[in-house]
Amino acid sequence: MKRLVLIYLCTITLGCVEKSSVDYRNFAIDTYFPTPNEIRLAEARARNYWSRNASRFEAEPRYLAVQTSTLFPGEIQDLYPKLINSETTASFLGRGDHKGSYSELDLHGIMIYDTKTGHFVSNQGYVSVDTPPYGGVARFGQYMARYIRTGSWSPF
């Protein structure tokens, strides 16, 4: 009984299930290039996040997925085919036929931060509609990375 209560408390109050979850689906539907200012600010937030939280995580994955900006649907060419061919846009597409209306679509610009070098892996980011749970590990393009949203707040 104590074990069951401990598992329940860990799951509900601490988010232990989210922290250790791995999602092998690719959350990237496209690539984009954020502005130098967006890159600089996001890299500083990721570096600060890692300095506060590195001891809580294992060495792998060595990458952090950091939200750098919010994108508008008009910024993405051929958006609809990318949405319907994505592995992770079911929550948006499940709301009905959106083939010309993207007013409810949230596009997140995600960049990959390398914890070993202390910098982003490149100046290219990934566009994502759905995101993994906070602290979860997922694939963005070729990288398996821990998703930290903007990196400016930690619920753990």
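None of these values were measured; they are calculated from a predicted model. (Residues numbered from 1 in each chain as written. Predicted model: local features only at pLDDT ≥ 70, side-chain atom pairs only at ≥ 80, totals over all residues. Heavy atoms only, no water.)

**Some words on helix α3 (residues 36–53)**
- The end-to-end C-alpha distance of α3, which contains 18 residues, comes to 25 Å, matching closely the 26 Å that a straight helix rising 1.5 Å per residue would cover.
- The set of residues buried in α3 consists of Ile 39, Ala 42, Glu 43, Ala 46, Tyr 49, Trp 50 and Asn 53. What you see down the axis of α3 is that its buried residues fit within an arc of 130°, all on one side. Set apart from the buried face of α3 by more than 90 degrees, the exposed residues are Arg 40 and Ser 51.
- As for α3, its buried residues are in contact with β3 (63–71), β4 (107–114) and β5 (119–120). (Helix = DSSP H or I, 4+ residues; strand = E, 2+ residues; numbered from the N terminus. Expected span 1.5 Å × (residues − 1). Buried < 20%, exposed > 50% of the residue type's maximum accessible area, 1.4 Å probe, protein only. Arc of directions from axis to C-beta. Contact = heavy atoms within 4.5 Å.)

**Focus on the nonpolar core**
- Ranked by size, the top nonpolar core spans 25 residues in total, and within it Val 66, Leu 83, Leu 105 and Leu 107 carry the most contacts.
- Of the residues forming this core, the biggest block, five residues, is contributed by α3.
- Ranked by size, the runner-up nonpolar core spans 12 residues in total, among them Phe 27, Ile 112, Phe 140 and Tyr 147. (Core = buried A, V, L, I, M, F, W, Y, C linked by side-chain atoms within 4.5 Å.)

**Some remarks on the pairing of β3**
- Buried residues dominate β3, accounting for eight of its nine residues.
- Pairing geometry for β3 and β4, over eight bridges, is antiparallel. If you follow Thr 70 over to β4, its bridge partner there is His 108.
- The pairing of β3 with strand β8 (residues 143–147) spans three bridges and is classified as parallel. Looking across to β8, one finds that Ala 65 is bridged to Tyr 147. (Pairing = 2+ DSSP bridges.)

**Describing the environment of Ala 59**
- Residue position: Ala 59 is located in the loop between α3 and β3.
- Distance in space between the C-alpha atoms of Ala 59 and Thr 115 is 9.0 Å, their sequence separation being 56 residues.

**Some details on unusual backbone geometry**
- In this structure, Asp 78 takes a positive phi of about 50° despite not being glycine.
- Tracing the sequence through the fold places Asp 78 in the loop between β3 and α4 (79–84).
- Relative accessible area serves as the criterion here: at 58%, Asp 78 is assigned to the exposed category.
- Notably, Arg 149 is not glycine yet its phi reads approximately 50°, a positive angle.
- Structurally, Arg 149 is set in the segment after β8.

**Considerations on the packing of aromatic side chains**
- On inspection of all chains with the given rule, the structure shows five aromatic pairs.
- Centre to centre, the rings of Phe 27 and Phe 140 are 5.9 Å apart; their planes meet at 35°, and the pair counts as tilted. With Phe 27 in the loop between β1 (22–26) and β2 (30–32) and Phe 140 in strand β7 (residues 137–140), this pair connects stretches of sequence that are 113 residues apart. Across this residue pair, the class does not change: Phe 27 and Phe 140 are buried. (Phe/Tyr/Trp six-rings, centres within 6.5 Å; stacked < 30°, edge-to-face > 60°.)

**Some details on the confidence of the model for the chain**
- Of all residues in the chain, 78% attain a pLDDT of 70 or more, and the chain-wide mean is 84.
- Averaged pLDDT values for the elements of the chain fall to 45 in helix α2 (residues 16–20) and rise to 98 in β5.
- Confidence over residues 11–19 falls short of pLDDT 50; this stretch has 15 contacts with residues more than four positions distant or in other chains. (pLDDT = per-residue confidence, 0-100.)

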